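Architecture and fold: a report
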Amino acid sequence: MSAQPLWLTKRMPFLRSQGKLSFKGEKEFDLAVLKEPDTERQLNILKILDISGTQVTSLKDLPYFKHLTHFSANNTQISTLENFDSLR
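Now for a description of the structure that goes with this document. (Residues numbered from 1 in each chain as written. Predicted model: local features only at pLDDT ≥ 70, side-chain atom pairs only at ≥ 80, totals over all residues. Heavy atoms only, no water.)

Looking at the packing of aromatic side chains
Under the convention used in this document: Classification of ring pairs uses Phe, Tyr and Trp, with its six-membered ring standing for Trp, and accepts pairs whose centres are within 6.5 Å; under 30 degrees between planes counts as stacked, over 60 as edge-to-face, and the remaining range as tilted. Only DSSP runs of H or I reaching four residues or more are called helices, and only runs of E reaching two or more are called strands; each is numbered from the N terminus. Under the scheme applied here, a residue whose accessible area is under 20% of the maximum for its type counts as buried, over 50% as exposed, and between as partly exposed, the area being computed with a 1.4 Å probe on protein chains only.
With the rule as written, the count across this model stands at three aromatic pairs. Measuring from ring centre to ring centre gives 5.2 Å for W7 and F29, while their planes differ by 65°; the resulting arrangement is edge-to-face. Here W7 is found in helix α1 (residues 6-9), whereas its partner F29 is found in the loop between β1 (20-22) and α3 (37-42), with 22 residues between them in sequence. On the basis of relative accessibility, which here comes to 8%, the residue W7 falls in the buried class. An aromatic cluster is built from W7, F23 and F29, whose rings are joined through pairwise contacts.

Right, here's the structure in full:
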């Protein structure tokens, strides 16, 4: 089991209580971490994901979250719709 990065670990209580993760403005954010098996299992209750203001340029590493109802990516550098079908 790999250790979760601090930027993810400190937000997990919000996920458990609200089904929400906000990485708004997080400079170290990396979508690939969300695809790690141990992390992905914990995120199966994710309803709201906000990656606004992060350095994300592509959704290629975004896993599919079946309960996701709201996704926000304002002020990112996303320039392709590759893997956009991961969002309902």
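Observations concerning the nonpolar core
Put simply, the rule reads: Nonpolar core, defined: a set of buried Ala, Val, Leu, Ile, Met, Phe, Trp, Tyr and Cys residues in which side-chain atoms within 4.5 Å join the residues together.
Core analysis: the largest hydrophobic core is formed by 20 residues, its most contacted members being L8, L21, F23, F29 and L49. When residues of this core are traced back to their parent elements, those giving at least two are α1 and α2 (12-18).

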